[in-house]
Protein chains: 2
Amino acid sequence: MPKTGALSQLMQALRCLPGVGPKSAQRMTFHLLQRDRRGARNLAESLLAALEKIGHCIQCRTLTEGELCRICANPGRDRTQLCVVETPAEVYAIDQATGFKGVFFVLNGRLSPLDGIGPNELRLDLLEQRLASGEVKEIILATNTTVEGEATAHYISELARQNGIRTTRIAYGVPFGGELEYVDGATLAHSFNGRKDY
Amino acid sequence: MPKTGALSQLMQALRCLPGVGPKSAQRMTFHLLQRDRRGARNLAESLLAALEKIGHCIQCRTLTEGELCRICANPGRDRTQLCVVETPAEVYAIDQATGFKGVFFVLNGRLSPLDGIGPNELRLDLLEQRLASGEVKEIILATNTTVEGEATAHYISELARQNGIRTTRIAYGVPFGGELEYVDGATLAHSFNGRKDY
Ligand SMILES: [Zn+2]
Ligand SMILES: [Zn+2]
């Protein structure tokens, strides 16, 4: 029966997408091959292009094409305000939803000693260098409100204090324990603009 | 900001998947690039392989690699029982869930005069040829229980009657108005094995 190699392989491959189980993968496979081959080809090509072109910004470590992301490459951004987030998705969310004109630093993780993730794994040395340069006047902590996110925020606020830099935390308008990237834009903007000294 | 070309293009491309809106596409994009590049590459390659290799079986018109699908190519299948379904997804579902050992005919649609879909568009001439050959002893109608599905079943039962062929309809154990491909395997098996003369 039509559980041919290429068909079942595609069903399996779609499972790498978050939230896609066996039933969804099956539905997607038949939809693509039966009704949207053009979309399927475009998806394959977009995946390959993204994999080839997209790496991490050498300055803020968000996902980007080229060495520097658009924010870091933009001379109009205010380098005295540095917003620290856990993931590139959060840079994206904050930049889309808020009026923030500063720059970012992406941890690509959060402190989690039990999982072996410490300051070295998050490259907090890069952040320290940046703080030591004297350019930054305010650090905005936008880590998540999870236990690890809070611990990470605390650690960075200590680094900031040592360098005499003001530290703020985005306001708790976001649902406690929630992940920033899934919060709607309005809530996120409100929370961001209502940030307080930490 | 990181809404670079390749990134936003990938977010857009993922929207071709059924059930994937802008938020899901964004989440999938960051997940793939940040946490599962290997899965992303595998998905791209599986899509291209499927597009290249998979077409329609010349006999039953389900999706398959090569000219004939595994069912039509299998000499052990009972060619006297012909199950008529609307889509390849339903061939897949019935073959996985039931003990059916006959063969299929895939309409790749359903009669819908208002949308300009008549017997010609469904290639019912191919079905008529098959019925006229004398090989088929029973037609099992497994079209959906929608208005169009019922009309299609009725039309095919008339063709069968003209050729003196017994027609059965799978039992209504499936939720009325539901799409076969989303029904769980046990219900589908029950419904299939409890089919009645039509
Ligand atoms: Zn950057
Ligand atoms: Zn076939």
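Residues numbered from 1 in each chain as written. Chains lettered and ligands numbered in written order. Predicted model: local features only at pLDDT ≥ 70, side-chain atom pairs only at ≥ 80, totals over all residues. Heavy atoms only, no water.

Caption draft 1: Focus on the pattern of salt bridges. Residue and element names in this part refer to chain A. Under the defined criterion, the tally for this structure stands at 12 salt bridges over all chains. Ionic pairing is found between R169 and E150, a salt bridge with its closest N-O pair at 3.4 Å. Highlighted residues: R169 in strand β6 (residues 166–169) and E150 in helix α7 (residues 147–162), separated in sequence by 19 residues. For R161, the salt bridge is made with E158, and the minimal N-O distance between the two is 3.4 Å. Taken together, the residues R161 and E158, both in helix α7 and three residues apart, mark about one turn of the helix. Here R161 falls in the exposed class, since its relative accessible area comes to 53%. (Salt bridge = Lys/Arg side-chain N within 4 Å of Asp/Glu carboxyl O. Helix = DSSP H or I, 4+ residues; strand = E, 2+ residues; numbered from the N terminus. Buried < 20%, exposed > 50% of the residue type's maximum accessible area, 1.4 Å probe, protein only.)

Caption draft 2: Local environment of the UniProt feature "zinc finger region: C4-type" (unreviewed entry) in chain A. Per the UniProt record, "zinc finger region: C4-type" (unreviewed entry) is annotated on residues 57–72 of chain A. With 19% helix and 19% strand, residues 57–72 of chain A has its two end C-alpha atoms placed 8 Å apart. (UniProt positions renumbered as here; feature names shortened; annotations may be inferred.)

Caption draft 3: Representation of the domain arrangement of chain A in the model. Looking at the assigned domains, one finds that chain A contains domain 1 (5–55) and domain 2 (63–169). Distance between the C-alpha centres of domain 1 of chain A and domain 2 of chain A: 34 Å. (Domains from an automatic or database assignment.)

Caption draft 4: Inspection of the packing of helix α3 (residues 37–53) of chain A against helix α1 (residues 5–13) of chain B at higher detail. For the pair α3(A) and α1(B), interaxial distance at closest approach is 9 Å and the crossing angle is 155 degrees. Relative to α1(B), the element α3(A) is oriented roughly antiparallel. Considering how the two elements wind past one another, α3(A) and α1(B) form a crossing that is left-handed. Contacts between α3(A) and α1(B) involve A:N42, A:L43, A:S46, A:L47, A:A49, A:A50 and A:K53 from the former and B:A6, B:Q9, B:L10 and B:A13 from the latter. Counted by class, the contact of α3(A) with α1(B) contains seven nonpolar, three polar and one charged residues. (Axes fitted to C-alpha atoms, helices over the stretch in contact; angles between N-to-C directions. Parallel < 35°, antiparallel > 145°, perpendicular 65-115°, else oblique. Left-handed = near helix turned anticlockwise from the far one by under 90°. Contact = heavy atoms within 4.5 Å. Nonpolar A, V, L, I, M, F, W, Y, C, P; charged D, E, K, R; others polar.)

Caption draft 5: Fine view of the interface of chain B and chain A. Taken together, the 59 residues of chain B in the interface contact 59 residues of chain A. A combined buried area of about 6000 Å² lies between chain B and chain A, and 67% of that area is made up of carbon and sulfur atoms. For the pair chain B and chain A, the number of links is zero salt bridges. Elements with a contribution of two residues or more to the side of chain B that touches chain A: α1, α2 (22–35), α3 (37–53), β1 (54–56), β2 (63–65), α4 (70–73) and α5 (88–97) of chain B. With 14 residues, the top contributor of residues to the side of chain B that touches chain A is α3(B). Class assignment of the residues belonging to the side of chain B that touches chain A gives a composition of 33 nonpolar, 15 polar and 11 charged. (Buried area = accessible area lost by both parts, 1.4 Å probe.)

Caption draft 6: Just the relation of the copies chain B and chain A, in detail. Between chain B and chain A, which share one sequence, the superposing operator has a rotation angle of 180 degrees and an axial displacement of 0.0 Å; the RMSD is 0.0 Å. Such values leave the two copies arranged in the relation of a two-fold axis. Across chain B, the smallest distance between a C-alpha and the rotation axis is recorded for B:A44, namely 2.1 Å. Both copies contact each other with a shared surface, as 100% of the interface residues of chain B are interface residues in chain A too. (Least-squares fit on C-alpha atoms with pLDDT ≥ 70 in both.)

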